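# Secondary and tertiary structure notes
Now for the letters of each chain:
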Amino acid sequence: MNGILIIDKPSGMTSHDVVQAIRKKFKTSKVGHLGTLDPMATGVLPLSVGKATRVAQFISGSPKEYEGEIRFGFATNTYDREGIPTTEERPLEGGEVGVSEGIRSLTGILEQIPPPFSAKKVGGVPSHKLARRNEAVELAPSRVEIEQFEMLRLTPPLMTFRVVCSPGTYIRSLAHDLGRRLGCGAHLTALRRTRSGEFRIQDSVLLAHAAESDLIPMDRLLPSMPRIEVSGPDEIKVRHGNPVSAAAVREPLARIFNKEGEFIAVASVENGLAHPRLVLTSITSNPSDMLGCIFIERD
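This structure is a prediction, so every number in the text was calculated from the model and none was measured. The residue numbering used here restarts from 1 in each chain and proceeds along that chain's sequence as written. Only residues with pLDDT of at least 70 get local features here, since the model is predicted, and only at 80 or more are side-chain atom pairs given and counted; chain-wide, interface and lining totals rely on the full set of residues. Note: side-chain values were computed over all heavy atoms of the structure, leaving out hydrogens and water.

## Regarding the overall build of the protein
The cut-off we apply is this: Counting from the N terminus, the helices are DSSP H or I runs at least four residues long and the strands are E runs at least two residues long. Working definition: with a 1.4 Å probe on protein chains only, accessible area under 20% of the residue-type maximum means buried, over 50% means exposed, and in between means partly exposed. Pairs of residues are marked as contacts when any of their non-hydrogen atoms sit within 4.5 Å. Accessible surface area values rest on a Shrake-Rupley calculation with a 1.4 Å probe, where residue burial reflects the displayed protein chains alone.
Along its length, the protein carries seven helices and 17 strands. Its C-alpha atoms put the protein at 70 × 40 × 40 Å along the principal axes. Looking at the protein as a whole, 48% of its 299 residues are labelled buried. Once local pairs closer than 6 in sequence are excluded, the contacts in the protein between residues at least 24 apart make up 67%. For the protein, the exposed surface amounts to about 14900 Å²; the carbon and sulfur share of it is 49%.

Here it is, written out as structure tokens:
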């Protein structure tokens, strides 16, 4: 049971809750998520299962794409609808023109400050724990890229929107910052992730309906990497972490498969050689070939 499962995360669950549910459902502890979603949010939550947890480090989560709703009028301490108001209610002024100008100012490369109620750590402590104790939280800004920030519909005090951004972007902070720029305060009221890297909402399944047949198999992962096929002595070399020829490969990373079509390694390519960085076990291999080479990782 190895591969990627794209869950359409329901609202009200943490990403860890979803991981735990799949661990229980599939009866395996080898499950992880590829990027968290806030409990309020719904949508694309890719999960790695089995051997896929090892290759997850090579799977790009960029870009992220969201659709959601912002309410203008006041800010909250969590930057979303679940928080406590922190400003007095004020009407949105300036209409679509003013909102469009605010959106343009929040597009491109930004130094974004995460919400105080987040998993970002301050002195080794998650900031949300400090915020719940009413302790001052000062978070360093993070550089993010907002590729697209589009207003879909404005019916004050609500606005629906679409965002395409880099991993690590807090859409709650984007809503909060837009409210500050418009002088009326704002917070996020709904959020749905429709894309995470190569994984899209149309390929997702509901948590309650998830089955082993929904797994994207190992041989379909990392499709942008060139494929190298090996057999015989070269396969044994790869299993032991030794390089093999990759003269025709021009990319820095490649996938290595055996003649049975099993995905057995991810390799870095240098000077015409593929150096295994991650070696996966193979269920069809001679056990004597597998001794001492379950997992190899190099810097």
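## Re the nonpolar core
Just so we agree on the cut-off: We define the nonpolar core as a collection of buried residues of types Ala, Val, Leu, Ile, Met, Phe, Trp, Tyr and Cys that are connected through side-chain atoms lying within 4.5 Å of one another.
In terms of nonpolar packing, the biggest core is built from 42 residues, with Ile 70, Phe 72, Phe 149 and Met 159 touching the most fellow members. Top contributing element to this core by residue count: helix α5 (residues 171–182), with five residues. Residues in contact with Ile 70, not counting those within four places in the same chain, are Phe 149, Pro 157, Leu 158, Met 159, Phe 161, Ala 175, Leu 178, Ala 186, His 187, Leu 188 and Thr 189. Within the second largest apolar cluster, 21 residues are counted, among which are Ile 4, Ile 6, Phe 58 and Leu 280.

## A closer look at the confidence of the model for the protein
Put simply, the rule reads: Confidence of the prediction at every residue is given by pLDDT, a number between 0 and 100.
Per-residue pLDDT for the protein averages 92, and the proportion of residues at 70 or more is 94%. For the stretch residues 282–299, pLDDT sits under 50, and the model shows 42 contacts to residues farther than four places along the chain or on other chains.

## A few points about the sheet that holds strand β13 (residues 227–230)
Sheet strands associate in pairs through backbone hydrogen bonding, adopting either a parallel or an antiparallel arrangement. Quick reminder of the rule: Whether two strands pair depends on DSSP finding at least two bridges between them.
Strand order in this open sheet of five strands is β13-β15-β16-β17-β14, and the pairing throughout is mixed. Across the chains shown, the open sheet's two edge strands, defined by having one partner strand only, are β13 and β14 (244–245). By the bridge criterion, two bridges tie β14 to strand β17 (residues 273–279) in an arrangement that is antiparallel. Of the residues in β17, the one forming a bridge with Val 244 is Ala 274.

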